[in-house]
Amino acid sequence: MALEDAKRQVDTAITRQGHRGLSYENAFGGVTSFLRRTLTKDLTGVDLAVTGIPFDQAVTNRPGTRLGPRAIREASALQACDAPYGWGFNPLEAFDIVDYGDLAFDYATVAEFPAVLQAHVACILDAGAACIALGGDHSISLPILRAHAARHGPLALVQFDAHSDTWEDGGPQRIDHGTMFRKAVREGLIDPARSVQVGIRTDNPDPMGITVIDAPFVHDNGPAATVARIRQVVGDAPAYVSFDIDALDPAFAPGTGTPVWGGLTSAQAAAMLRGLAGLNMVGGDVVEVSPPFDPSGITAVAGAHVAVELICLWAWKKREERGTDQ
Ligand code: MN
Ligand code: MN
């Protein structure tokens, strides 16, 4: 980085020439987009679009995740001037990655929300771009999975979470952040035999056939053994990675609706996400960041880091497919 660049650059979210490269503008100023990517609704030539889903009307406890995308974008500004650490390549130089902005929806017609979100993500996928979503509560993963499954067929779900989110549901019309993966199995969107949940530390008598790697397993055996187990289950199936920030211990992510102690450290999460390089990842999300319960901003920081790791995970596989050393 050159100081001269920092003096000249500002608002690269709207002034960047092309979609690639780092950003050297002041981290504390300027228009915020995720990682200072171009903020645009034009998906021409775009490889991956990050989009915010500011929806939190399906929570069982504390709300606030509608403010998550904005807080994650702001937190990500500090990461925009360096290549992501620990990957040995820079996806921001190798791929056209943009911030597609937020989903537009009527907050008062909640019943229509899932279809609106599914169409939003389908629009991104139809343009030939991959999608990383910033939540929002975890219920957003179901319409997003519907859009991905329509394109890729049944997916392997790799879910980091304190909760299984496969609890019994009262019916198809309910929108609930604790039941959507039960629906996803029932609808055939995910293949439970290829799916895995990591960091679980709440009881659920019926995991719907999904492999559960609970938080004590991670603590007892470490990230490398956990990654090996995940790979064993998922194989080379097209995978969707959903990261509920409450997978992390409340010490690392207090700003969330349903915190549970005994969770993952941020170092364990980073090691596992990097350890999964080569996963056939087709999409993902980071959800449940609730800024009103995040006075120091560390949960948004964690969310921004997870989102960057998801981009790297996707880019690693894409890079292999392209057969390039870039
Ligand atoms: Mn959870
Ligand atoms: Mn969840």
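Each remark here, short or long, concerns the structure printed above.
Structure report, in brief. (Residues numbered from 1 in each chain as written. Chains lettered and ligands numbered in written order. Predicted model: local features only at pLDDT ≥ 70, side-chain atom pairs only at ≥ 80, totals over all residues. Heavy atoms only, no water.)

What follows deals with the nonpolar core. Membership of the largest hydrophobic core comes to 59 residues, with the highest contact counts inside it found for Phe34, Val158, Phe160, Phe243 and Ile245. In terms of residues, this core owes the most to one element, helix α10 (residues 298-322), which gives 12 residues. Residue contacts for Phe34: discarding those within four places in its chain leaves Val50, Ile72, Arg73, Ser76, Asp99, Leu134, Ala304, Ala307, Val308 and Ile311. With 36 residues, the next largest nonpolar core counts Leu43, Ile124, Leu145 and Val185 among its residues. (Core = buried A, V, L, I, M, F, W, Y, C linked by side-chain atoms within 4.5 Å. Buried < 20%, exposed > 50% of the residue type's maximum accessible area, 1.4 Å probe, protein only. Helix = DSSP H or I, 4+ residues; strand = E, 2+ residues; numbered from the N terminus. Contact = heavy atoms within 4.5 Å.)

Turning next to the coordination of the manganese ion (ligand 2). Coordination of the manganese ion (ligand 2) by the protein involves His138 (ND1), Asp161 (OD), Asp165 (OD) and Asp244 (OD), with metal-donor separations of 2.1 to 2.2 Å. Sequence positions of the residues that donate to the manganese ion (ligand 2) give the spacing H-x22-D-x3-D-x78-D. Distance-wise, the manganese ion (ligand 1) is placed 3.2 Å from the manganese ion (ligand 2), both being coordinated by Asp161. Residue His138 is found in the loop between β3 (130-135) and α6 (141-152), and its partner Asp161 is found in the loop between β4 (156-160) and α7 (180-186); the two are separated by 23 residues along the sequence. Like His138, the residue Asp161 is buried in the burial classification. (Donors = N, O, S within 2.8 Å, 3.2 Å for Na, K, Ca; no water.)

Any two of four tetrahedral donors ideally make an angle of 109.5 degrees at the metal, while pairs among six octahedral donors ideally make 90 or 180 degrees. Coordination of the manganese ion (ligand 1) by the protein involves Asp161 (OD), His163 (ND1), Asp244 (OD), Asp246 (OD) and Asp246 (OD), with metal-donor separations of 2.1 to 2.4 Å. Site description for the manganese ion (ligand 1): donor spacing in sequence, D-x1-H-x80-D-x1-D.

With that out of the way, let us pick up the packing of helix α3 (residues 68-76) against α10. Where α3 contacts α10, the axes come no closer than 8 Å and their chain directions differ by 75°. Of the possible angle classes, the one that applies to α3 and α10 is roughly perpendicular. Facing α3, whose interface residues are Ala71, Ile72, Ala75 and Ser76, α10 presents Ala300, Val301, Gly303 and Ala304. (Axes fitted to C-alpha atoms, helices over the stretch in contact; angles between N-to-C directions. Parallel < 35°, antiparallel > 145°, perpendicular 65-115°, else oblique.)

Helix length check: helix α8 (residues 215-234) (20 residues) gives 19 Å between terminal C-alpha atoms against 28 Å at 1.5 Å per residue, more than 12% under. The sharpest bend along α8 reaches about 115° and sits at Gly222, with the proline Pro223 one to four residues further on. Looking only at α8, the buried set comprises Ala215, Val218, Gly222, Thr226, Val227, Ile230, Val233 and Val234. Close packing links the buried residues of α8 with β4, β5 (196-200), β6 (211-214), β7 (239-244) and α9 (266-275). Sitting at the amino-terminal end of α8 is Asp214, which places a side-chain oxygen 2.9 Å from the backbone nitrogen of Phe217. Note on α8: the residue one or two positions beyond its end, Gly235, has a positive phi of about 60°. (Expected span 1.5 Å × (residues − 1). Bend = angle between axes of the 7 residues up to and from the residue. Polar contact = N/O pair within 3.5 Å; in protein donor to acceptor, adjacent residues only side chain to side chain.)

Let's shift gears to the side chain of Thr12. Among the structural elements, Thr12 can be located in helix α2 (residues 12-15). What makes Thr12 buried here is its relative accessible area of 6%. Among the polar contacts listed, one links the side chain of Thr12 to the side chain of Glu25, at a separation of 2.4 Å. Not counting chain neighbours up to four residues away, the residues in contact with Thr12 comprise Ser23, Glu25 and Arg36.

Mapped onto the elements of the fold, Tyr24 is located in the loop between α2 and β1 (48-53). Separated by 17 residues in sequence, Tyr24 and Lys7 place their C-alpha atoms 8.6 Å apart.

With respect to the helices and strands, the residue Arg201 is situated in the loop between β5 and β6. Here Arg201 sits buried without a salt bridge, and the closest side chain of opposite charge, Asp249, lies 5.3 Å off (N-O distance). Once residues within four sequence positions are removed from consideration, Arg201 is found in contact with Ala162, Ala215, Asp246, Ala247, Leu248, Asp249, Pro250, Val260, Trp261, Gly262, Gly263 and Leu264. (Lys, Arg positive; Asp, Glu negative; His and termini not counted. Salt bridge = Lys/Arg side-chain N within 4 Å of Asp/Glu carboxyl O.)

Per the counting criterion, the structure on display carries 7 aromatic pairs. Between Phe89 and Trp316 the ring centres are 5.8 Å apart and the planes differ by 70°, which places this aromatic pair in the edge-to-face class. Linking Phe89 in the loop between α3 and α4 (91-94) with Trp316 in helix α10, this pair joins segments that are 227 residues apart in sequence. The exposure class of Phe89 is buried, given its relative accessible area of 7%. Grouped by ring-pair contacts, the aromatic residues Phe55, Phe105 and Phe113 constitute a single cluster. The ring of Phe293 carries the charged tip of Arg62 above its face, separated from the ring centre by 4.0 Å. Here the guanidinium or amino end of Arg319 rests over the ring plane of Trp316, the centre of that ring lying 5.4 Å away. (Phe/Tyr/Trp six-rings, centres within 6.5 Å; stacked < 30°, edge-to-face > 60°. Lys NZ or Arg CZ within 6 Å of the ring centre and 35° of its normal.)

Moving on, we get to the packing of helix α5 (residues 113-126) against α6. Taken N-terminus to C-terminus, the directions of α5 and α6 make an angle of 40°; their axes are 8 Å apart at the nearest point. Taken together, the axes of α5 and α6 lie oblique to each other. For the pair α5 and α6, the sense of crossing is right-handed. Touching Pro114, Leu117, Gln118, Val121, Ala122, Leu125 and Asp126 of α5 are Pro143, Ile144, Arg146, Ala147, His148 and Arg151, all from α6. (Left-handed = near helix turned anticlockwise from the far one by under 90°.)

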